[in-house]
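Chain residues, written in single-letter form:
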Amino acid sequence: MSDIRLSLTGIVKSYAAVKAIRHADFELRPGQVHALVGENGAGKSTLIKIISGAVTPDAGDITYDGQPVTITSTVDAIDLGIATVYQEPQLFAELTVAENIFLGREIVKRGRVDWAAQNERVVGLLDTLDLPSELATVTVGNLSVATQQQVSIAKALAGKPGVLILDEPSAILTDAEIDVLFRVIRKLADEGVAVIYISHRLDELIKIADQVTVMRDGSTIGTYPIGELSVRRMAELMVGEALSHERSPRAVPDGPPMLELKSLARVGHFADVSLQLRAGEILGLYGLIGSGVAEIAECIHGLASASGGEILLQGKTIAPRTPRHAGEAGIALLPANRKTEGMFSFQSIAFNISVGHLPRLSFGRAFVDRRKEHAVAKDLMKRLAVKAPDENYAIGNLSGGNAQKVMLARQLVERPKLLLLAEPTQGVDIGAKEEIHRIIADLAANGTAVLIVTSDLQEALRITDRLLVVRAGTITAEFGPDARQVDVLAAAAGDAGQAGPAA
Amino acid sequence: MSITVDPNAAPTAPPVRGRGRVLPAPVTPAEMVLILVLVVLWAALAFATPAFLSAGSIIPLLVEVAPVALIGIGMTFVIIAGGIDVSVGGAIMVCSVVTAKLMRDQGLPLVLCVVVAIATGAVLGLMNGLLIAYGRVHAIIITFGTANVFLFIGLQIFASQPVSGMPSTLAWFGRGVDGQTLGVPHSFAITVLLAAAAWWYLRHTAGGRHFLGIGGDAVAARLAGIRVQRRVLLTYVITGVLIGLASIFTLAKGTSSLDQSVGNGQELAVIAAVVIGGTSIMGGRGSVLGTLLGALLVQTVKSGVTQLGWPSQLSDLFVGIFIVLAVGTDLLRQRARRAV
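No experiment lies behind these values; they were computed from the predicted model shown. (Residues numbered from 1 in each chain as written. Chains lettered and ligands numbered in written order. Predicted model: local features only at pLDDT ≥ 70, side-chain atom pairs only at ≥ 80, totals over all residues.)

Trainee: I'd love a proper account of the overall build of chain A, names of residues and values included.
Mentor: Scanning chain A for helices and strands turns up 17 helices and 24 strands. Since a compact globule built from 503 residues should have a radius of gyration of about 23 Å, the 25 Å found for chain A is in line with a globular shape. Referenced to the eigenvectors of the C-alpha coordinate spread, the extents of chain A come out at roughly 75 × 50 × 45 Å. In chain A, 67% of the contacts between residues at least 6 apart in sequence involve partners at least 24 apart. (Helix = DSSP H or I, 4+ residues; strand = E, 2+ residues; numbered from the N terminus. Rg over C-alpha atoms; globule rule 2.2 N^0.38 Å. Contact = placed C-beta atoms within 7 Å.)

Written out as structure tokens, the structure is:
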């Protein structure tokens with residue numbers, strides 16, 4: 001069947017013990033915009049990596065224009081005519097736009113790069129994307145991220161691809177830029193290019209996609225013409241049968257708010273964010289990548305400064321400028337990426353817990369009191385059930401779950417009033433996840449106000465007392481503990497008709 | 001500074017460029033500054049010590065510059081592609097002592113000397129390159145290790161005494177009358193020719209541009225279909241070959257004996273020339289012309305300090321200031337960009 005540009009059948013891929021893809025079938029036709037959707041961890045990105053040659057599948061068949069092919073490297077994929085625009089622009093900051101577009105496939109005349117010919121092609125490509133031709137000679141490092149994204153697309157088009165993969169291209173673009181992008185995608189599809197479009201924003205798929213393939217838990221569960229789908233239906237397919245989860249009933253405390261945000265804003269990230277969080281309450285913030293949810297937590301912890309609005313802690317306005325200020329005010333943050341933002345991998349557990357609190361654990365605030373340091377570490381290890389031989393053990397040798405508990409322990413040394421948790425159980429196995437949830441619940445029960453920023457929807461629904469959905473830079477819906485996953489997902493992904501039941 | 005493109009806005013007076021001029025200007029602003037500094041320095045020195053511009057002063061200066069600038073060409077490739085090589089000094093020692101002993105004991109003729117030196121350098125460069133490109137360990141660690149290994153090998157070959165009584169086989173590369181044509185030392189002329197070729201290669205061939213891409217973002221380069229490991233390996237082999245040839249220059253400019261201090265500290269002189277020449281220590285940007293100018297500047301300062309009768313430590317101070325200025329400018333530029 002030459003009518004099919006690319007087909008994948010029975011694809012399987014495991015990383016060590018983790019099955020990233022259990023079974024995937026995928027068919028792509030020329031002239032079609034084919035969307036791929038699924039929750040985080042459903043296997044979308046692994047499937048894209050297989051098509052673009054970044055990883056090799058363990059099993060399964062791939063055909064291109066009816067011919068069986070094996071794709072073992074990105075070069076193979078490029079040679080076949082498969083071009084990929086990655087989520088993060090893969091560009092060279094020191095080179096001009098024209099050079100970026102042609103690096104790796106230069107037009108060479110008598111051993112020399114033919115700059116004039118390249119420039120001419122680039123101007124044509126820029127024109128297709130509604131970009132001014134002067135851009136060709138601008139150094140990429142001087143461009144905004146959005147423009148860099150568009151340059152990446154131009155780069156992908158330079159190879160005259162038969163298949164164009166766009167991985168979350170709209171996450172960093174403004175609405176006007178997205179309109180241009182969609183016009184370009186439509187034009188390419190009309191010219192016979194097969195487009196694979198990945199996006200978390202289900203509402204835009206209605207506008208651009210012809211077909212939608214849904215992935216869940218490492219398997220493709222079906223391909224549907226867009227006409228048969230609504231945002232809500234897509235969300236249902238992504239989530240599947242809602243898992244019944246038990247949660248121990250928690251008494252939501254009364255009292256004045258511990259943390260209050262009044263119309264907090266940061267230009268370019270979020271605006272008009274207001275919320276109240278009481279002592280002993282667990283509040284969740286859920287939003288997709290690019291929704292601004294991560295930046296809200298950063299502002300509260302002083303990693304970024306707000307451009308408007310107020311942060312009130314126990315009724316007093318605070319303006320934390322640095323994490324140190326925030327810490328002195330009683331705010332602790334568990335960062336999302338413990339490997340790069342938290343752990344000192346070669347150091348002991350005790351070091352990792354006490355760091356940042358050393359003045360408290362020292363004689364005369366100068367000489368570290370080893371005994372006290374180790375006592376505190378031991379105590380917290382016991383309370384959080386960290387599984388390790390002793391407190392001198394290097395944190396780098398611990399499992400993800402235990403390392404995360406140590407990171408959490410660090411935040412608890414000074415009994416914070418407000419604990420911010422970013423993706424608290426990312427890369428943590430199920431058992432440890434349960435324990436971390438229990439610890440969080442205990443902390444709240446002892447009067448700590450907990451704000452959780454997570455992209456793990458199940459987790460958000462499971463442990464929070466209230467869940468706020470952040471979309472396009474502001475809070476758009478609030479859900480109580482009995483909300484259904486599909487409702488929350490639909491709200492976050494932009495189902496206009498969806499208003500969450502207030503708790 | 002950020003340029004945001006609004007598709008609806010009218011194009012704001014673009015700089016009108018000639019067709020085909022899609023590359024940055026052949027001489028970058030930083031290089032213009034270097035040229036200016038050199039001209040000013042030379043003028044000032046000529047004024048202060050009239051002997052400075054005489055042949056007796058300029059020729060030794062050019063002979064001293066040649067090996068540093070020559071290795072600097074290779075080092076420019078290495079640093080642009082995101083690496084570094086601190087084993088230059090040790091490699092020079094191995095190449096020159098091997099060549100010196102064969103020349104003295106076996107009576108090797110000129111051409112074979114050059115072949116031996118280059119082959120030795122290529123093998124040492126290949127060692128570095130293989131370990132860095134395929135062993136995936138950071139270049140500074142690998143070359144720091146090999147630097148010590150090379151030093152050991154070199155000293156073993158020396159067998160704790162200088163190589164003395166060398167014949168004048170290499171006079172054609174030397175600082176004497178045989179080593180120059182129309183007042184230009186052959187070693188310097190060769191260096192300029194090779195630098196010109198390397199400059200052109202880096203600017204105008206696909207292979208040269210790939211070095212810039214790899215140093216800019218190795219992952220993106222791989223995704224663009226560039227064979228990153230092979231290209232990285234190549235930068236170290238090129239450097240090795242040039243170290244071999246530079247060892248010949250070093251042997252030729254000396255007396256009839258070679259002692260164990262040969263090559264000592266040369267890696268720093270070479271890296272200084274590259275960095276002062278405007279090549280970004282982070283990789284991804286740089287030019288061979290800058291390196292040539294950087295090497296000239298360093299040697300001019302040294303020579304000037306000597307001729308003025310100032311204490312020689314001052315030249316180190318000045319070179320240090322130039323390095324800080326060059327690196328500082330580069331970092332400021334990158335920070336301004338990140339602040340977007």
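Additional details are given in the paragraphs that follow.
Trainee: Run through the packing of helix 6 (residues 186-204) of chain B against helix 11 (residues 288-307) of chain B, naming residues and quoting values.
Mentor: Orientation of helix 6 of chain B relative to helix 11 of chain B, taken along the N-to-C sense of each, is 145 degrees, at an axis distance of 8 Å. Every residue of helix 11 of chain B that contacts helix 6 of chain B at B:A195, B:A198, B:W199 and B:L202 is listed here: B:V288, B:L289 and B:L292. (Axes fitted to C-alpha atoms, helices over the stretch in contact; angles between N-to-C directions.)

Trainee: I'd like to hear about unusual backbone geometry, residue by residue, with values.
Mentor: With a phi angle near 50 degrees, A:D217 is a residue other than glycine that sits in the positive phi range. With respect to the helices and strands, the residue A:D217 is situated in the loop between strand 11 (211-216) and strand 12 (219-225). Even without being a glycine, B:S160 presents a positive backbone phi close to 50 degrees. Mapped onto the fold, B:S160 is located in the loop between helix 5 (139-158) and strand 1 (180-181).

Trainee: So, the sheet that holds strand 23 (residues 466-471) of chain A: which residues are in play, and what are the values?
Mentor: Where strands meet in a sheet, backbone hydrogen bonds hold them as pairs that are either parallel or antiparallel. Residues and elements named next belong to chain A. Spatial ordering of the open sheet is given by 18-21-22-15-23-24, a layout of six strands whose pairing is mixed. Each edge of the sheet is formed by a strand with only one pairing partner; in this case those strands are strand 18 (331-334) and strand 24 (474-479). The average undirected angle you get between the axes of adjacent strands in this sheet is 20 degrees. Here strand 15 (residues 282-287) pairs with strand 22 (residues 449-454) via five bridges, running parallel. Residue Y286 lies in a different strand from strand 22, and its bridge partner there is T454. Sitting on the sheet, helix 17 (residues 485-492) is in contact with strand 15, strand 23 and strand 24, with an inclination near 30 degrees to strand 23. (Pairing = 2+ DSSP bridges.)

Trainee: Tell me about the sheet that holds strand 16 (residues 308-313) of chain A, and name the residues and values.
Mentor: All names here are of chain A. An order of 14-13-16-17 is seen for the four strands of this open sheet, with the pairing classed as antiparallel. Among the strands making up the open sheet, the edge pair consists of strand 14 (270-278) and strand 17 (316-318). Between one strand and the next, the sheet's axes are offset by a mean angle of 25 degrees, whatever the strand orientation. Sheet topology note: the strand 16/strand 17 ladder contains three bridges and is antiparallel. Note on strand 17: the bridge partner recorded for I311 is I318.

Trainee: Would you mind going over the environment of A:L451 in detail, with residue names and values included?
Mentor: All names here are of chain A. Here L451 shows up in strand 22. Between the alpha carbons of L451 and S399 there is a distance of 25 Å; along the sequence they are 52 residues apart. In this structure, L451 is in contact with L259, L277, L283, L285, L418 and L420, ignoring residues within four places of it in sequence.

Trainee: Please provide a residue-by-residue account of helix 6 of chain B, values included.
Mentor: Residues and elements named next belong to chain B. With 19 residues, helix 6 should reach 27 Å at 1.5 Å per residue; the first-to-last C-alpha distance of 27 Å fits that figure. Of all the positions in helix 6, only H186, S187, F188, T191, A195, A198, W199 and L202 are classed as buried. The secondary structure elements touched by the buried residues of helix 6 are helix 2 (55-80), strand 1, strand 2 (184-185), helix 7 (206-216), helix 9 (228-253) and helix 11. (Expected span 1.5 Å × (residues − 1). Buried ≥ 20, exposed ≤ 12 C-beta atoms within 10 Å, placed from the backbone.)

Trainee: Go over the nonpolar core, please, and point to the residues and values.
Mentor: A:V195, A:L420 and A:V488 are the most contacted members of the largest nonpolar core, which totals 254 residues. Looking at this core, the element that brings in the most residues is helix 9 of chain B, giving 15 residues. Each of domain 1 (6-239) and domain 2 (244-330 + 414-503) of chain A accounts for three or more of the residues forming this core. When neighbours within four sequence positions are excluded, A:V195 is seen to be in contact with A:V33, A:H34, A:L164, A:L166, A:I185, A:L188 and A:A189. (Core = buried A, V, L, I, M, F, W, Y, C linked by C-beta atoms within 7 Å. Domains from an automatic or database assignment.)

Trainee: Can you tell me about the confidence of the model for chain A, naming the residues and giving the values?
Mentor: On average, residues of chain A score 84 in pLDDT, and 94% of them reach the 70 mark or higher. Contacts from residues 497-503 of chain A, a stretch scored under 50 in pLDDT, to residues over four places away or in other chains number 17 contacts. (pLDDT = per-residue confidence, 0-100.)

Trainee: Lay out the interface of chain B and chain A with the relevant residues and their values.
Mentor: Think of interface size as the accessible area that goes away when the parts come together; that is how it is often given. With 32 residues of chain B in contact, the opposing surface of chain A contributes 38 residues. If one sorts the elements of the side of chain B that touches chain A by residue count, helix 7 of chain B sits on top with five residues. Its residues assigned to classes, the side of chain B that touches chain A comprises 16 nonpolar, nine polar and seven charged. (Nonpolar A, V, L, I, M, F, W, Y, C, P; charged D, E, K, R; others polar.)

Trainee: Go over the confidence of the model for chain B, please, and point to the residues and values.
Mentor: All names here are of chain B. Predicted confidence across chain B gives a mean pLDDT of 87, with 92% of residues reaching 70 or more. Contacts for the low-pLDDT stretch residues 1-20, under 50 throughout, to residues beyond four places or in other chains number 26 contacts. Interface confidence in the predicted complex, given as ipTM, is 0.77; pTM for the same model is 0.74.

Trainee: Which residues make up the pairing of strand 13 (residues 257-266) of chain A, and what values do they have?
Mentor: Residue and element names in this part refer to chain A. Two elements, strand 13 and strand 14, share six bridges in a ladder whose sense is antiparallel. Its bridge partner lying in strand 14, P257 is registered against R278. What sits between the antiparallel neighbours strand 13 and strand 14 is a turn of three residues, in which G268 has the positive phi angle 85 degrees. Here five bridges tie strand 13 to strand 16, and the two strands are oriented antiparallel to one another. What sits directly across from E260, in strand 16, is L312.

Trainee: An account of the domain arrangement of chain A is requested, with residue identities and associated values reported.
Mentor: Residue and element names in this part refer to chain A. Taken as a whole, chain A is organised into domain 1 (6-239) and domain 2 (244-330 + 414-503). For domain 1 versus domain 2, the distance between C-alpha centres works out to 33 Å. Listed as interface residues are 13 residues of domain 1 and, on the opposing side, eleven residues of domain 2. Sort the elements by how many residues they give to the side of domain 1 that touches domain 2 and helix 8 (residues 231-239) lands first, with six residues. Here the residues of the side of domain 1 that touches domain 2 are counted per class, giving seven nonpolar, two polar and four charged.

Trainee: Can you lay out the packing of helix 10 (residues 266-276) of chain B against helix 11 of chain B for me, pointing to particular residues and giving the numbers?
Mentor: All names here are of chain B. Taken N-terminus to C-terminus, the directions of helix 10 and helix 11 make an angle of 120 degrees; their axes are 7 Å apart at the nearest point. Between helix 10 and helix 11, the interaxial angle falls into the category oblique. Every pair of crossing elements has a handedness; the one defined by helix 10 and helix 11 is right-handed. Contact residues: helix 10 offers A269, A272, A273, V274 and I276, while helix 11 offers T291, G294, A295, L297 and V298. (Parallel < 35°, antiparallel > 145°, perpendicular 65-115°, else oblique. Left-handed = near helix turned anticlockwise from the far one by under 90°.)

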